[in-house]
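Coordinate inspection notes
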Amino acid sequence: MDSHRLLKIGLFGFGCVGQGLYDILSREEALPFKVERICVKDPKKLRPLPTESFTYDFHQLLQDDSLDILVEAISDAEEAYVIVAEALRRGKKVVTANKKLVAFHLPELLALQQEFGGVLLYEAAVAGGIPIIRTVEEYFANDPLERVHGILNGSSNYILSQIFKLQKGYAEALKEAQDKGFAELDPWLDVAGADSRHKLCILTAHAFGRTIGPEEVAFFGIDHLSGQDCAYAKQNDAVIKMVASVHLTADGELVPVVLPSLVDASDDLFVVEQEFNGVVVQGTYAGPQLFKGRGAGGHPTGAAVLSDIVSISQGYSYGYKKLHKTTNAPALALDFEFEVYLRSSEPELVAALGLTNLQNVQRENDTFSVIGSVSLGNLIKTQEQIRKAGAFIMALSSDFVGAHARKVKVQEQVS
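Starting from 1, residues in each chain are numbered consecutively following that chain's sequence as written. Local features in this predicted model are restricted to residues whose pLDDT is 70 or higher, and side-chain atom pairs enter the listing and the counts only when it is 80 or higher, whereas totals over whole chains, interfaces and linings include all residues. Excluded from the side-chain calculation are hydrogens and water; included are all heavy atoms of the structure.

Notes on the UniProt feature "domain: Aspartate/homoserine dehydrogenase NAD-binding" (unreviewed entry) in the chain
Taking the numbering used here, the UniProt-annotated feature "domain: Aspartate/homoserine dehydrogenase NAD-binding" (unreviewed entry) corresponds to residues 13-122. Where helices and strands are cited, they refer to DSSP runs of H or I of at least four residues and of E of at least two residues respectively, numbered from the N terminus. Structurally, residues 13-122 is divided into 44% helix and 18% strand, and its ends, taken at the C-alpha atoms, are 15 Å apart. UniProt positions are given in the numbering used here, feature names are shortened, and annotations may be inferred rather than shown by experiment.

So this is what it looks like as structure tokens:
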């Protein structure tokens, strides 16, 4: 692209992310980018720009060859896929912030780029303003990674901060997150862990060279968190964080999971508060590194979109270096075990989960809590049952790898 002329952007969506990007470009007049056309869905919705600034037919933007870059920032993942796929078929340069779109359709999006020569970047889809995809893709291209884990959802982290720092109730903290614009359109995506699951799928492709579908990731959230669970955390001098994690076992298998976890002051993630995200990238030789930044809000996400716009205008595209190196993509370690806390009113969940090494069983009114070990395979298999039961499950530490290693050592000594 000609770096000396003003590059025209076609923008799909004018919600939190779209407005954040528009506002940044309006302020940074020295940047050679201009939002030329904006496509939105609802003509009746009140917006901060005059009606004539918008079009309501996305085909108009796709067919406009005067636009240099297309930015997709709508909430509907399936509609976003239709737009992005068609743009890539036309060989366009596309930036998206839609994690659900990328998580569910990455293999198809890769194939479209290879066939038609379009380019897709999506830094804003993971961890808001933290440049984590580029970091994993470029900086760790040749350093084997052992684990990538962290807090990937600013909304749920904000809620947990209000609960543990300010002793607010869950419902009050959730409403506050929504009022401040941190929560997604549908709060379930944030608080149930689905949003973190989508982001983890994307990170896994760049960190470990395997495209995993969301259905392969067990995910649990904080939507059923109770005062009893918070009290348990405080008794153990810990707070609760929603941790998304993927790591390689000694056998070279993958363990992807989203699981609320007890986090104490010795944990890297302990300092990640409010709407911030924090990602720990652990390289075999570089060791663990913590990346922390704002994970929710229009400006941080808009800044990540802008970073992709700048990169794509300069000819950058993802190399998917680890994807190409991996001829035999790692399988899931379905027998990997986690030590968990379960609180429920349905005793049959203990058997359904196949919990072993049971200890610390406590009863309170019609509910009970128990600690035990559970395999990744059983977490995946029973996750819907756990959600329907309104039960709460969490890991006893965010150090899934270390806990498992310690357990194996104990078993070896016994045998």
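Read on, since the account is not over.
Side note on the environment of Arg-89
Topologically, Arg-89 is positioned in helix α3 (residues 77-89). Relative accessible area serves as the criterion here: at 40%, Arg-89 is assigned to the partly exposed category. Distance from Arg-89 to Phe-116, taken between C-alpha atoms, is 5.6 Å for residues 27 residues apart in sequence. Those residues in contact with Arg-89, other than ones at most four positions away along the chain, are Leu-112 and Phe-116. Here's how the labels work: a residue is buried when its accessible area is under 20% of the maximum for its type, exposed when over 50%, partly exposed in between, all with a 1.4 Å probe on protein chains only. Note on contacts: a residue pair is in contact if any heavy atoms of the two residues lie within 4.5 Å.

Some details on the pattern of salt bridges
Between side chains of opposite charge, a pair can form as their charged atoms come close. Should a side-chain nitrogen of Lys or Arg be within 4 Å of a carboxyl oxygen of Asp or Glu, the pair is scored as a salt bridge. Tallying each qualifying case throughout the model produces 20 salt bridges. A salt bridge links Lys-165 to Glu-273; the shortest N-O distance between them is 3.5 Å. One end of the pair, Lys-165, is in helix α6 (residues 154-166); the other, Glu-273, is in the loop between β10 (254-263) and β11 (276-283), with 108 residues separating them in the sequence. Among the residues examined, Lys-165 registers a relative accessible area of 43% and is labelled partly exposed. Between Arg-210 and Glu-216 there is a salt bridge, and its shortest N-O distance comes to 2.3 Å.

Quick word on the nonpolar core
Only buried residues count toward a nonpolar core. Its members are Ala, Val, Leu, Ile, Met, Phe, Trp, Tyr and Cys residues joined through side-chain atoms within 4.5 Å. Counting residues in each nonpolar core, the largest one holds 110 residues, and the members touching the most others are Tyr-122 and Ile-132. Of all the elements, helix α9 (residues 194-208) adds the most residues to this core, at eight residues. Ignoring sequence-local partners within four residues, the contact set of Tyr-122 consists of Thr-96, Val-102, Leu-106, Ile-133, Ile-202, His-206, Asp-308, Tyr-318 and Tyr-320.

Quick word on the packing of helix α1 (residues 16-27) against helix α11 (residues 298-313)
Simply put, an axis is a line fit to the C-alpha atoms, just over the touching stretch for a helix, and the angle between two N-to-C directions goes from 0 to 180 degrees. For the pair α1 and α11, interaxial distance at closest approach is 7 Å and the crossing angle is 70 degrees. With respect to each other, α1 and α11 are oriented roughly perpendicular. In this structure, α1 meets α11 at a crossing whose hand is right-handed. The segment α1 lies against α11, with Cys-16, Val-17, Gly-20, Leu-21, Asp-23, Ile-24, Leu-25 and Arg-27 engaging Gly-298, His-299, Thr-301, Gly-302, Ala-303, Val-305, Leu-306 and Ile-309. Only Asp, Glu, Lys and Arg are considered charged, only Ala, Val, Leu, Ile, Met, Phe, Trp, Tyr, Cys and Pro nonpolar, and every remaining residue, Gly among them, polar. The residue makeup of the contact of α1 with α11, split by class, is nine nonpolar, five polar and two charged. Any angle that is under 35 degrees is reported as roughly parallel, and any over 145 degrees as roughly antiparallel; angles of 65 to 115 degrees are reported as roughly perpendicular and all others as oblique. In a left-handed crossing the near helix is turned counterclockwise from the far helix by less than a right angle, and in a right-handed crossing that turn is clockwise.

Description of the environment of Thr-382
Note that Thr-382 resides in helix α14 (residues 376-388). Along the chain, Thr-382 and Ala-77 lie 305 residues apart, while their C-alpha atoms are 26 Å from each other. Distance and chemistry together define a polar contact, namely a pair of N or O atoms within 3.5 Å, with one atom able to donate a hydrogen and the other to accept it when in protein, and with adjacent residues in sequence counting only for side-chain atoms on both sides. At a separation of 2.6 Å, a polar atom in the side chain of Thr-382 contacts the main-chain carbonyl oxygen of Asn-378.

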